[in-house]
Amino acid sequence: MHYFQFHRRELHAEGLPISRLAKAVGTPVYLYSHQTLVRHFNAFDRAFSALPHLTCYSVKANSNLALLRIFSRLGGGFDIVSGGELFRVLRAGADPRRIVFSGVGKTEAEIEAALRAGILLLNVESIPELELLSRVARRLKLRARISFRLNPDINPRSHPYLTTGTPENKFGIDIKEALSVYRRAARLPYVEPAGIDCHIGSQITSIRPFVAVLKKLKNLVSRLQRMGICISYLDLGGGLGITYRDESPPHPDEYARAVGKELRGFSGSQSPGGITLILEPGRVIVGNAGILVARVLYSKKVGRKEFVITDAGMNDLIRPALYDSYHEIIPVRPRGGPRKKVDVVGPICESGDFLARDRKLPPLKAGDLIAIMGAGAYGFSMSSNYNSRPRAAEVLVRGNRFTVIRRREIPADLVRGEVIPRGLDP
Ligand SMILES: *Cc1c(COP(=O)(O)O)cnc(C)c1O
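Residues numbered from 1 in each chain as written. Predicted model: local features only at pLDDT ≥ 70, side-chain atom pairs only at ≥ 80, totals over all residues. Heavy atoms only, no water.

Peer 1: What am I meant to see in the layout of surface pockets here?
Peer 2: Of the pockets and cavities examined, the largest pocket occupies roughly 850 Å³. For the largest pocket, the lining is made up of 46 residues, of which Ser 58, Lys 60, Val 81, Tyr 378 and Ser 381 are closest to its centre. Those elements giving two or more residues to the lining of the largest pocket turn out to be α4 (83-91), α10 (283-286) and β21 (401-406). Considered class by class, the residues forming the lining of the largest pocket number 16 nonpolar, 15 polar and 15 charged. Residues from two domains meet in the lining of the largest pocket; each of domain 1 (4-31 + 287-414) and domain 2 (63-281) gives at least three. (1 Å grid on protein atoms, 1.4 Å probe; cavity = no way out; pocket = protein on both sides within 12 Å on 5 of 7 lines; lining within 4 Å. Points joined across faces, edges and corners; volume = space filled by probe spheres on them. Helix = DSSP H or I, 4+ residues; strand = E, 2+ residues; numbered from the N terminus. Nonpolar A, V, L, I, M, F, W, Y, C, P; charged D, E, K, R; others polar. Domains from an automatic or database assignment.)

As C-alpha coordinates, then:
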(Lines give C-alpha, C1' and ligand atoms only; values in the text may rest on other atoms or scores of the structure.)
Protein backbone atom coordinates (compact mmCIF):
# COMPACT_ATOMS: atom_id res chain seq x y z
CA MET A 1 0.00 0.00 0.00
CA HIS A 2 1.43 3.36 -1.01
CA TYR A 3 0.36 6.87 -1.88
CA PHE A 4 1.36 7.08 -5.53
CA GLN A 5 -2.00 7.03 -7.29
CA PHE A 6 -3.73 8.37 -10.37
CA HIS A 7 -6.04 11.37 -10.14
CA ARG A 8 -7.52 12.83 -13.30
CA ARG A 9 -5.29 10.61 -15.46
CA GLU A 10 -2.05 11.78 -13.94
CA LEU A 11 0.10 9.92 -11.43
CA HIS A 12 0.36 11.82 -8.15
CA ALA A 13 2.69 11.60 -5.20
CA GLU A 14 0.21 12.01 -2.35
CA GLY A 15 -1.61 15.22 -3.33
CA LEU A 16 0.89 16.45 -5.90
CA PRO A 17 0.82 15.92 -9.65
CA ILE A 18 4.18 14.47 -10.57
CA SER A 19 4.53 16.67 -13.66
CA ARG A 20 4.44 19.71 -11.39
CA LEU A 21 7.17 18.26 -9.17
CA ALA A 22 9.30 17.36 -12.18
CA LYS A 23 8.92 20.86 -13.55
CA ALA A 24 10.01 22.39 -10.26
CA VAL A 25 12.88 20.04 -9.40
CA GLY A 26 13.91 18.52 -12.74
CA THR A 27 14.60 14.87 -13.53
CA PRO A 28 15.76 12.30 -12.67
CA VAL A 29 14.35 12.71 -9.18
CA TYR A 30 13.56 10.37 -6.32
CA LEU A 31 10.18 11.08 -4.69
CA TYR A 32 9.28 9.73 -1.28
CA SER A 33 5.82 9.77 0.24
CA HIS A 34 5.87 10.84 3.87
CA GLN A 35 2.55 9.21 4.60
CA THR A 36 3.76 5.92 3.14
CA LEU A 37 6.99 5.98 5.12
CA VAL A 38 5.12 6.57 8.36
CA ARG A 39 2.49 3.98 7.54
CA HIS A 40 5.07 1.32 6.74
CA PHE A 41 7.21 2.01 9.77
CA ASN A 42 4.22 1.95 12.08
CA ALA A 43 2.73 -1.15 10.47
CA PHE A 44 5.98 -2.98 11.09
CA ASP A 45 6.68 -1.64 14.55
CA ARG A 46 3.13 -2.10 15.84
CA ALA A 47 3.01 -5.66 14.53
CA PHE A 48 5.53 -6.51 17.25
CA SER A 49 3.90 -4.43 19.98
CA ALA A 50 3.03 -7.50 22.07
CA LEU A 51 6.73 -8.31 22.47
CA PRO A 52 9.51 -6.24 24.01
CA HIS A 53 11.25 -5.15 20.83
CA LEU A 54 13.28 -2.51 19.07
CA THR A 55 12.77 -1.77 15.38
CA CYS A 56 16.18 -0.79 14.05
CA TYR A 57 15.66 0.56 10.55
CA SER A 58 18.43 -0.63 8.25
CA VAL A 59 20.07 2.60 7.16
CA LYS A 60 21.69 1.28 4.00
CA ALA A 61 18.31 0.81 2.32
CA ASN A 62 17.88 4.58 2.20
CA SER A 63 20.05 6.82 4.30
CA ASN A 64 18.68 10.30 3.63
CA LEU A 65 18.76 12.37 6.84
CA ALA A 66 15.11 13.36 6.51
CA LEU A 67 14.00 9.73 6.45
CA LEU A 68 16.24 8.89 9.39
CA ARG A 69 14.69 11.75 11.34
CA ILE A 70 11.19 10.50 10.54
CA PHE A 71 11.96 7.00 11.82
CA SER A 72 13.78 8.31 14.86
CA ARG A 73 10.77 10.46 15.79
CA LEU A 74 8.54 7.40 15.46
CA GLY A 75 10.64 5.66 18.11
CA GLY A 76 12.81 3.65 15.77
CA GLY A 77 16.40 2.66 16.26
CA PHE A 78 18.94 2.04 13.53
CA ASP A 79 20.99 -0.77 12.09
CA ILE A 80 24.18 0.70 10.65
CA VAL A 81 26.98 -0.91 8.65
CA SER A 82 29.67 1.77 8.57
CA GLY A 83 31.15 4.78 10.32
CA GLY A 84 29.51 6.90 7.65
CA GLU A 85 26.10 5.57 8.63
CA LEU A 86 26.91 6.18 12.31
CA PHE A 87 27.69 9.79 11.41
CA ARG A 88 24.39 10.07 9.55
CA VAL A 89 22.16 8.64 12.26
CA LEU A 90 23.79 10.76 14.96
CA ARG A 91 23.40 13.79 12.70
CA ALA A 92 19.72 12.88 12.32
CA GLY A 93 19.36 12.91 16.12
CA ALA A 94 19.22 9.18 16.82
CA ASP A 95 19.42 7.89 20.38
CA PRO A 96 22.74 5.97 20.52
CA ARG A 97 21.13 3.40 22.80
CA ARG A 98 18.99 2.38 19.86
CA ILE A 99 21.81 1.79 17.38
CA VAL A 100 23.22 -1.59 16.41
CA PHE A 101 26.29 -1.91 14.19
CA SER A 102 26.55 -4.79 11.70
CA GLY A 103 29.19 -5.51 9.06
CA VAL A 104 32.03 -7.93 8.32
CA GLY A 105 34.75 -5.34 7.93
CA LYS A 106 34.53 -2.77 10.70
CA THR A 107 37.76 -0.76 10.96
CA GLU A 108 39.42 0.19 14.22
CA ALA A 109 38.31 3.79 13.69
CA GLU A 110 34.69 2.70 13.16
CA ILE A 111 34.73 0.52 16.27
CA GLU A 112 36.17 3.36 18.31
CA ALA A 113 33.56 5.83 17.03
CA ALA A 114 30.77 3.38 17.88
CA LEU A 115 32.07 2.77 21.40
CA ARG A 116 32.55 6.48 22.05
CA ALA A 117 29.00 7.15 20.85
CA GLY A 118 27.71 4.53 23.30
CA ILE A 119 25.66 2.48 20.85
CA LEU A 120 23.52 -0.42 22.05
CA LEU A 121 25.32 -3.33 20.39
CA LEU A 122 28.10 -4.16 17.99
CA ASN A 123 27.28 -7.23 15.94
CA VAL A 124 30.63 -9.00 15.82
CA GLU A 125 31.23 -11.17 12.77
CA SER A 126 34.60 -12.86 13.46
CA ILE A 127 37.15 -13.71 16.14
CA PRO A 128 39.73 -11.23 14.81
CA GLU A 129 37.06 -8.53 15.01
CA LEU A 130 36.32 -9.57 18.61
CA GLU A 131 40.00 -9.25 19.46
CA LEU A 132 40.33 -5.84 17.87
CA LEU A 133 37.14 -4.69 19.61
CA SER A 134 38.47 -5.94 22.93
CA ARG A 135 41.73 -4.00 22.50
CA VAL A 136 39.91 -0.81 21.53
CA ALA A 137 37.46 -1.09 24.42
CA ARG A 138 40.31 -1.66 26.88
CA ARG A 139 42.21 1.36 25.54
CA LEU A 140 39.11 3.55 25.85
CA LYS A 141 38.12 1.98 29.18
CA LEU A 142 34.64 1.50 27.75
CA ARG A 143 32.58 -1.64 28.08
CA ALA A 144 31.50 -3.00 24.70
CA ARG A 145 28.13 -4.72 24.53
CA ILE A 146 28.15 -7.20 21.68
CA SER A 147 26.13 -9.73 19.79
CA PHE A 148 27.70 -12.34 17.60
CA ARG A 149 26.26 -12.47 14.14
CA LEU A 150 25.81 -16.14 13.48
CA ASN A 151 25.63 -17.79 10.12
CA PRO A 152 22.83 -20.32 10.63
CA ASP A 153 23.17 -22.13 7.29
CA ILE A 154 19.65 -21.31 6.19
CA ASN A 155 18.98 -20.37 2.60
CA PRO A 156 15.93 -18.13 2.19
CA ARG A 157 15.99 -18.72 -1.60
CA SER A 158 15.98 -15.12 -2.69
CA HIS A 159 18.49 -13.79 -5.26
CA PRO A 160 22.00 -15.30 -4.74
CA TYR A 161 23.41 -11.79 -4.19
CA LEU A 162 20.78 -11.26 -1.49
CA THR A 163 21.53 -14.42 0.46
CA THR A 164 23.74 -13.93 3.48
CA GLY A 165 23.15 -16.84 5.85
CA THR A 166 24.78 -19.85 4.19
CA PRO A 167 28.37 -21.11 4.47
CA GLU A 168 29.12 -19.77 0.95
CA ASN A 169 28.57 -16.22 2.24
CA LYS A 170 31.15 -14.08 3.97
CA PHE A 171 28.80 -13.10 6.78
CA GLY A 172 28.84 -14.06 10.42
CA ILE A 173 30.35 -16.85 12.45
CA ASP A 174 29.54 -20.50 11.83
CA ILE A 175 26.72 -21.36 14.19
CA LYS A 176 28.59 -24.54 15.16
CA GLU A 177 31.25 -22.35 16.75
CA ALA A 178 28.78 -20.20 18.63
CA LEU A 179 29.31 -21.63 22.12
CA SER A 180 33.07 -21.36 21.91
CA VAL A 181 33.05 -17.74 20.69
CA TYR A 182 30.66 -16.68 23.43
CA ARG A 183 32.83 -18.43 26.01
CA ARG A 184 35.82 -16.59 24.66
CA ALA A 185 34.05 -13.22 24.69
CA ALA A 186 32.80 -13.74 28.24
CA ARG A 187 36.40 -13.89 29.47
CA LEU A 188 37.31 -10.50 28.01
CA PRO A 189 37.19 -7.78 30.67
CA TYR A 190 35.81 -4.98 28.50
CA VAL A 191 33.43 -7.08 26.44
CA GLU A 192 29.90 -8.00 27.42
CA PRO A 193 28.22 -10.59 25.22
CA ALA A 194 24.62 -9.43 25.56
CA GLY A 195 22.95 -10.41 22.33
CA ILE A 196 22.64 -12.94 19.56
CA ASP A 197 22.20 -11.91 15.94
CA CYS A 198 21.35 -13.26 12.50
CA HIS A 199 20.57 -11.73 9.12
CA ILE A 200 19.94 -14.33 6.46
CA GLY A 201 19.24 -12.21 3.41
CA SER A 202 16.95 -9.78 1.70
CA GLN A 203 13.69 -9.77 -0.29
CA ILE A 204 12.55 -12.90 1.55
CA THR A 205 8.95 -13.77 0.69
CA SER A 206 8.22 -16.56 3.14
CA ILE A 207 8.01 -16.78 6.93
CA ARG A 208 9.59 -20.20 7.04
CA PRO A 209 13.30 -19.28 6.99
CA PHE A 210 12.75 -16.69 9.75
CA VAL A 211 11.10 -19.28 11.98
CA ALA A 212 13.88 -21.76 11.24
CA VAL A 213 16.45 -19.15 12.32
CA LEU A 214 14.52 -18.30 15.45
CA LYS A 215 14.38 -21.97 16.49
CA LYS A 216 18.15 -22.22 16.16
CA LEU A 217 18.74 -19.00 18.08
CA LYS A 218 16.36 -20.01 20.88
CA ASN A 219 18.21 -23.23 21.30
CA LEU A 220 21.50 -21.36 21.56
CA VAL A 221 20.17 -18.81 24.03
CA SER A 222 19.17 -21.64 26.36
CA ARG A 223 22.54 -23.32 26.06
CA LEU A 224 24.35 -20.05 26.67
CA GLN A 225 22.19 -19.49 29.72
CA ARG A 226 23.34 -22.84 31.10
CA MET A 227 26.93 -21.68 30.55
CA GLY A 228 26.16 -18.60 32.63
CA ILE A 229 25.97 -16.23 29.67
CA CYS A 230 22.89 -14.12 29.82
CA ILE A 231 21.42 -13.00 26.49
CA SER A 232 19.20 -9.91 26.62
CA TYR A 233 18.85 -9.17 22.90
CA LEU A 234 17.75 -11.49 20.14
CA ASP A 235 18.26 -9.87 16.73
CA LEU A 236 16.48 -11.48 13.76
CA GLY A 237 17.96 -9.07 11.21
CA GLY A 238 15.99 -7.69 8.29
CA GLY A 239 15.05 -9.19 4.99
CA LEU A 240 11.27 -9.16 4.76
CA GLY A 241 10.39 -8.81 1.08
CA ILE A 242 8.01 -6.51 -0.78
CA THR A 243 5.91 -6.68 -3.92
CA TYR A 244 7.78 -5.46 -6.97
CA ARG A 245 5.79 -7.45 -9.47
CA ASP A 246 3.74 -10.47 -8.40
CA GLU A 247 5.47 -11.55 -5.19
CA SER A 248 3.22 -12.05 -2.20
CA PRO A 249 5.44 -11.53 0.83
CA PRO A 250 3.98 -12.02 4.29
CA HIS A 251 2.55 -8.95 5.99
CA PRO A 252 4.56 -7.81 9.03
CA ASP A 253 1.58 -8.91 11.18
CA GLU A 254 1.98 -12.44 9.93
CA TYR A 255 5.72 -12.34 10.54
CA ALA A 256 5.21 -10.97 14.06
CA ARG A 257 2.57 -13.60 14.83
CA ALA A 258 4.93 -16.38 13.80
CA VAL A 259 7.72 -14.90 15.92
CA GLY A 260 5.39 -14.38 18.88
CA LYS A 261 4.19 -17.96 18.66
CA GLU A 262 7.75 -19.25 18.61
CA LEU A 263 8.72 -17.10 21.60
CA ARG A 264 5.63 -17.88 23.70
CA GLY A 265 6.67 -19.34 27.00
CA PHE A 266 10.31 -19.10 26.02
CA SER A 267 12.33 -18.41 29.13
CA GLY A 268 15.70 -19.26 27.72
CA SER A 269 17.25 -16.23 29.30
CA GLN A 270 17.22 -15.19 32.92
CA SER A 271 18.14 -11.65 31.90
CA PRO A 272 16.35 -9.32 34.35
CA GLY A 273 14.52 -7.49 31.58
CA GLY A 274 13.78 -10.70 29.72
CA ILE A 275 14.67 -10.83 26.07
CA THR A 276 14.27 -7.83 23.80
CA LEU A 277 13.72 -8.68 20.18
CA ILE A 278 15.63 -6.58 17.65
CA LEU A 279 14.43 -6.30 14.06
CA GLU A 280 16.34 -4.65 11.24
CA PRO A 281 13.85 -3.96 8.46
CA GLY A 282 15.00 -1.90 5.50
CA ARG A 283 13.32 -2.64 2.20
CA VAL A 284 9.89 -3.39 3.69
CA ILE A 285 9.76 0.11 5.21
CA VAL A 286 11.07 2.26 2.37
CA GLY A 287 10.90 0.16 -0.81
CA ASN A 288 7.42 1.07 -1.99
CA ALA A 289 7.50 4.50 -0.36
CA GLY A 290 9.76 5.88 -3.09
CA ILE A 291 9.75 6.18 -6.87
CA LEU A 292 12.27 7.40 -9.40
CA VAL A 293 10.89 9.84 -11.95
CA ALA A 294 12.67 10.15 -15.27
CA ARG A 295 12.04 11.86 -18.57
CA VAL A 296 12.10 10.18 -21.94
CA LEU A 297 14.89 11.65 -24.07
CA TYR A 298 14.54 9.62 -27.24
CA SER A 299 12.96 6.53 -28.64
CA LYS A 300 14.61 4.59 -31.39
CA LYS A 301 14.63 1.30 -33.19
CA VAL A 302 17.78 -0.78 -33.56
CA GLY A 303 17.16 -3.79 -35.77
CA ARG A 304 13.88 -5.15 -34.52
CA LYS A 305 14.25 -3.79 -31.02
CA GLU A 306 12.62 -0.63 -29.72
CA PHE A 307 14.48 1.43 -27.14
CA VAL A 308 13.17 4.16 -24.90
CA ILE A 309 16.11 6.21 -23.65
CA THR A 310 15.56 8.09 -20.43
CA ASP A 311 17.54 10.61 -18.41
CA ALA A 312 17.84 8.10 -15.53
CA GLY A 313 20.43 5.38 -15.82
CA MET A 314 22.10 2.61 -13.88
CA ASN A 315 24.05 5.18 -11.90
CA ASP A 316 20.70 6.36 -10.50
CA LEU A 317 19.12 2.92 -10.04
CA ILE A 318 21.44 -0.05 -10.31
CA ARG A 319 19.07 -2.78 -9.16
CA PRO A 320 17.97 -3.92 -12.64
CA ALA A 321 21.60 -4.17 -13.76
CA LEU A 322 22.88 -5.71 -10.53
CA TYR A 323 20.12 -8.16 -9.64
CA ASP A 324 18.13 -8.26 -12.87
CA SER A 325 15.34 -6.94 -10.70
CA TYR A 326 11.93 -5.88 -11.88
CA HIS A 327 10.57 -2.38 -11.32
CA GLU A 328 7.15 -1.47 -12.57
CA ILE A 329 7.29 1.45 -15.01
CA ILE A 330 4.29 3.75 -15.33
CA PRO A 331 3.91 6.71 -17.67
CA VAL A 332 2.99 9.70 -15.49
CA ARG A 333 0.35 10.73 -18.05
CA PRO A 334 -0.37 7.61 -20.08
CA ARG A 335 -1.12 8.14 -23.76
CA GLY A 336 -3.74 6.13 -25.57
CA GLY A 337 -2.70 3.65 -28.20
CA PRO A 338 -1.40 0.12 -28.44
CA ARG A 339 1.17 -1.15 -25.98
CA LYS A 340 4.54 -2.07 -27.40
CA LYS A 341 7.41 -4.14 -26.14
CA VAL A 342 10.40 -1.89 -25.45
CA ASP A 343 13.67 -1.77 -23.57
CA VAL A 344 13.81 1.19 -21.22
CA VAL A 345 17.46 2.20 -20.97
CA GLY A 346 19.63 4.97 -19.59
CA PRO A 347 22.30 7.13 -21.23
CA ILE A 348 25.27 5.28 -19.75
CA CYS A 349 27.89 3.59 -21.90
CA GLU A 350 27.18 0.05 -20.70
CA SER A 351 24.88 -2.56 -22.16
CA GLY A 352 23.83 -3.36 -18.59
CA ASP A 353 22.34 0.12 -18.32
CA PHE A 354 18.66 -0.75 -18.44
CA LEU A 355 15.66 -0.10 -16.25
CA ALA A 356 13.43 -2.66 -17.96
CA ARG A 357 13.79 -5.10 -20.83
CA ASP A 358 11.12 -6.37 -23.19
CA ARG A 359 8.49 -4.45 -21.28
CA LYS A 360 5.04 -3.86 -22.74
CA LEU A 361 4.33 -0.17 -22.28
CA PRO A 362 1.88 2.39 -23.65
CA PRO A 363 3.32 4.72 -26.29
CA LEU A 364 6.10 6.95 -24.97
CA LYS A 365 7.41 10.06 -26.68
CA ALA A 366 10.35 12.35 -26.04
CA GLY A 367 9.54 14.61 -23.10
CA ASP A 368 7.16 12.16 -21.43
CA LEU A 369 7.67 11.42 -17.74
CA ILE A 370 7.85 7.89 -16.41
CA ALA A 371 7.72 6.65 -12.83
CA ILE A 372 9.94 3.74 -11.86
CA MET A 373 8.07 2.25 -8.94
CA GLY A 374 9.41 0.56 -5.82
CA ALA A 375 12.64 2.56 -5.91
CA GLY A 376 12.71 3.72 -2.29
CA ALA A 377 15.07 0.98 -1.08
CA TYR A 378 18.56 0.47 -2.49
CA GLY A 379 17.82 3.16 -5.06
CA PHE A 380 19.46 6.45 -4.23
CA SER A 381 21.65 4.79 -1.58
CA MET A 382 23.30 2.66 -4.28
CA SER A 383 23.56 5.47 -6.81
CA SER A 384 26.90 6.68 -8.08
CA ASN A 385 28.52 9.31 -10.25
CA TYR A 386 29.49 6.84 -12.98
CA ASN A 387 29.88 8.56 -16.33
CA SER A 388 30.33 11.77 -14.30
CA ARG A 389 26.61 12.10 -13.88
CA PRO A 390 25.52 14.30 -10.99
CA ARG A 391 23.35 12.32 -8.63
CA ALA A 392 19.60 12.89 -8.69
CA ALA A 393 17.67 15.11 -6.32
CA GLU A 394 15.56 13.56 -3.55
CA VAL A 395 12.20 15.02 -2.63
CA LEU A 396 9.89 14.32 0.29
CA VAL A 397 6.20 14.82 -0.45
CA ARG A 398 3.76 15.45 2.32
CA GLY A 399 0.15 16.03 1.28
CA ASN A 400 0.33 18.76 -1.32
CA ARG A 401 3.68 20.12 -0.19
CA PHE A 402 7.17 18.99 -0.97
CA THR A 403 10.70 19.54 0.28
CA VAL A 404 13.92 18.91 -1.59
CA ILE A 405 15.70 16.73 0.97
CA ARG A 406 18.82 16.38 -1.15
CA ARG A 407 19.56 18.88 -3.84
CA ARG A 408 20.56 17.67 -7.26
CA GLU A 409 24.33 17.52 -7.54
CA ILE A 410 26.05 20.14 -9.65
CA PRO A 411 29.21 19.72 -11.76
CA ALA A 412 31.35 21.13 -8.93
CA ASP A 413 30.21 18.21 -6.74
CA LEU A 414 31.69 15.83 -9.29
CA VAL A 415 35.26 17.07 -8.79
CA ARG A 416 35.08 17.89 -5.09
CA GLY A 417 38.26 16.71 -3.43
CA GLU A 418 40.14 16.11 -6.65
CA VAL A 419 43.60 17.63 -7.10
CA ILE A 420 45.78 18.04 -10.16
CA PRO A 421 49.41 17.66 -8.98
CA ARG A 422 51.81 20.56 -9.27
CA GLY A 423 53.89 20.53 -12.41
CA LEU A 424 51.03 19.48 -14.62
CA ASP A 425 50.43 23.02 -15.84
CA PRO A 426 48.08 23.24 -18.77
C1 LIG B 1 20.85 -5.00 4.61
C2 LIG B 1 20.66 -5.46 5.98
C3 LIG B 1 19.40 -5.36 6.60
C4 LIG B 1 18.16 -4.89 5.89
O5 LIG B 1 17.73 -5.78 4.92
P6 LIG B 1 16.34 -5.57 4.19
O7 LIG B 1 16.24 -6.71 3.26
O8 LIG B 1 16.42 -4.25 3.48
O9 LIG B 1 15.28 -5.59 5.22
C10 LIG B 1 19.31 -5.72 7.93
N11 LIG B 1 20.39 -6.16 8.62
C12 LIG B 1 21.60 -6.28 8.04
C13 LIG B 1 22.74 -6.77 8.85
C14 LIG B 1 21.78 -5.93 6.71
O15 LIG B 1 22.98 -6.07 6.15
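Next comes the rest of the description.
Peer 1: Can you help me understand the pattern of salt bridges in this one?
Peer 2: This model, assessed by the stated rule, comprises 21 salt bridges. Close ionic contact of Arg 116 with Glu 112 constitutes a salt bridge, the shortest N to O distance being 2.8 Å. Residue Arg 116 and its partner Glu 112 are both found in helix α5 (residues 108-117); the two are separated by four residues, about one turn of the helix. Judged by relative accessible area, which is 56%, Arg 116 ranks as exposed. Take Glu 112: its relative accessible area is 17%, and that puts it in the buried class. (Salt bridge = Lys/Arg side-chain N within 4 Å of Asp/Glu carboxyl O. Buried < 20%, exposed > 50% of the residue type's maximum accessible area, 1.4 Å probe, protein only.)

Peer 1: In this structure, what is going on with the domain arrangement of the protein chain? I would like to understand it.
Peer 2: How big an interface is tends to be reported as the loss of accessible area on association of its parts. Looking at the protein chain, the domain boundaries give domain 1 (4-31 + 287-414) and domain 2 (63-281). With 14 residues of domain 1 in contact, the opposing surface of domain 2 contributes 12 residues. Summed over both partners, the interface of domain 1 with domain 2 comes to about 1100 Å²; 60% of that surface belongs to carbon and sulfur atoms. Per-residue buried area on domain 1 facing domain 2 is highest for Tyr 323, Tyr 326 and Ile 405; these three make up 44% of the total on that side. Where domain 1 packs against domain 2, one counts zero salt bridges. Our count for the contact surface shared by domain 1 and domain 2 stands at three residue pairs in polar contact (both at pLDDT 80 or more). (Contact = heavy atoms within 4.5 Å. Buried area = accessible area lost by both parts, 1.4 Å probe. Polar contact = N/O pair within 3.5 Å; in protein donor to acceptor, adjacent residues only side chain to side chain.)

Peer 1: I keep staring at the pairing of strand β1 (residues 4-7) and nothing clicks. Help me out?
Peer 2: Note on strand geometry: in a regular strand, side chains alternate between the two faces of the sheet. Sheet analysis places β1 next to strand β2 (residues 10-13), joined by four bridges and oriented antiparallel. Opposite His 7, over in β2, you have Glu 10 as the bridge partner. In this structure, the hairpin formed by β1 and β2 is closed by a connection of two residues, where Arg 8 is found at a positive phi of approximately 45 degrees. (Pairing = 2+ DSSP bridges.)

Peer 1: Honestly, the site of the ligand in this entry has me stumped. Any pointers?
Peer 2: Looking at the ligand, there are 14 residues lining it, with Lys 60, Ser 202, Glu 280, Arg 283 and Tyr 378 nearest. Contact distances for the ligand include 2.8 Å between an oxygen atom and a backbone N or O atom of Gly 239. The backbone of Gly 282 places a nitrogen or oxygen atom 2.9 Å from an oxygen atom of the ligand. For the ligand, whose accessible area on its own is 380 Å², the fraction buried by protein is 95%. Because more than half of its atoms lie within 2 Å of the grid, the ligand is assigned to the largest pocket. When its residues are assigned to classes, the shell around the ligand shows two nonpolar, seven polar and five charged. (Near = heavy atom within 4 Å. Areas by Shrake-Rupley, 256 points an atom, 1.4 Å probe, with all protein chains shown as cover. Sits in = over half its atoms within 2 Å of the grid points.)

Peer 1: Explain the side chain of Gln 203 here, please?
Peer 2: Considering the arrangement of structural elements, one finds Gln 203 in the loop between β11 (191-197) and α8 (208-226). A distance of 2.8 Å separates the side chain of Gln 203 from the backbone oxygen of Ile 242, its partner in a polar contact. If we ignore the near neighbours within four places in the chain, the residues touching Gln 203 are Ser 158, Leu 162, Gly 239, Gly 241, Ile 242, Tyr 244, Glu 247 and Arg 283.

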